[in-house]
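In case you want the letters, here they are:
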Amino acid sequence: MGRAKKPITRPGRVGNLAGQVRLLVDEAGLTLRDLRERTGMSLGTLSNAQGGDELPTWNVLSKIVTACGGDLADWRTRWENASEFSRSPAPVRVGNTEVLAPASAMTRREWRQMALRELNGPPPIPITAQNAADFNDYMRRLKIWAGDPPVRELAYRMQLSSSTVGDLMRRRDRLPSLEALSALLAGCGVADDNVVREWLFAWRRIKLSDYKAPRQLRPRHRPSQSA
């Protein structure tokens, strides 16, 4: 039985790629020693490629993928995507607010959820939402896309209380505040500025459609006084 792997503590695309590499190796049923025999690389190099502290070179990653029977073209795309964000993680801008995701150690289950999220495509965008109920339904879809974390965990990411987040995810008849929406997007890991803009645009569109201008008061008709 192999030694337990250290948890990946680096947030962002590089750490996420390392988590996906771990899944690939685990699903292939290979140990580090098996990989060493198949790739000819040292145990240290192979371990570092799955550590998440730094981005492995494509030469290293391609040999691991080949040894595990993975798709080189698919993994090349993932590697290039991670290489664009290989610098230290910067705060995520959501609207006019910058939020830095907590750099806490993640369990194997959490990294599996993140890897599946990357494989399942982009986050949902409320383009077709027509009212608050539709918009709130999209918020619940976003939570599922993010791995459907428990309310307590999501509240920690959003830096809000669990009761507040629970109420936010249960509501149907009214829009969330802009601050709560921004926190949800950051808590679910939405870092693409274009996706954030689409969410904020949909929020403003529905907010304006629900707004009813006050009716102008008509002058009351006064009965004419008899002379």
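Reference entry: report on the structure contained in this document. No experiment lies behind these values; they were computed from the predicted model shown.

Criteria and cut-off values
Residues numbered from 1 in each chain as written. Predicted model: local features only at pLDDT ≥ 70, side-chain atom pairs only at ≥ 80, totals over all residues. Heavy atoms only, no water. Helix = DSSP H or I, 4+ residues; strand = E, 2+ residues; numbered from the N terminus. Salt bridge = Lys/Arg side-chain N within 4 Å of Asp/Glu carboxyl O. Buried < 20%, exposed > 50% of the residue type's maximum accessible area, 1.4 Å probe, protein only.

Looking at unusual backbone geometry
Reasoning step 1: The residue Asp-148 is not glycine, and still its phi comes out positive at about 50 degrees.
Reasoning step 2: Position of Asp-148 relative to the elements: it lies in the loop between helix H7 (132-145) and helix H8 (151-158).
Reasoning step 3: In this structure, Gln-159 is a non-glycine residue whose phi angle is positive, near 60 degrees.
Reasoning step 4: Residue placement: Gln-159 occurs in the loop between H8 and helix H9 (162-170).

Things to note about the pattern of salt bridges
Reasoning step 1: Under the definition given, this model contains five salt bridges.
Reasoning step 2: Among the salt bridges present, the one from Arg-78 reaches Asp-74, with a minimum N-O distance of 2.7 Å. Of the two residues, Arg-78 and Asp-74 both sit in helix H5 (residues 72-83), four residues apart, roughly one turn of that helix.
Reasoning step 3: Judged by its relative accessible area of 17%, Arg-78 falls in the buried class.
Reasoning step 4: According to the relative accessible area criterion, Asp-74 is partly exposed, its value standing at 31%.
Reasoning step 5: Note that Lys-143 is salt-bridged to Asp-148, the shortest N-O span being 2.6 Å.
Reasoning step 6: Residue Asp-148 is classed as partly exposed on the basis of its relative accessible area, which comes to 40%.

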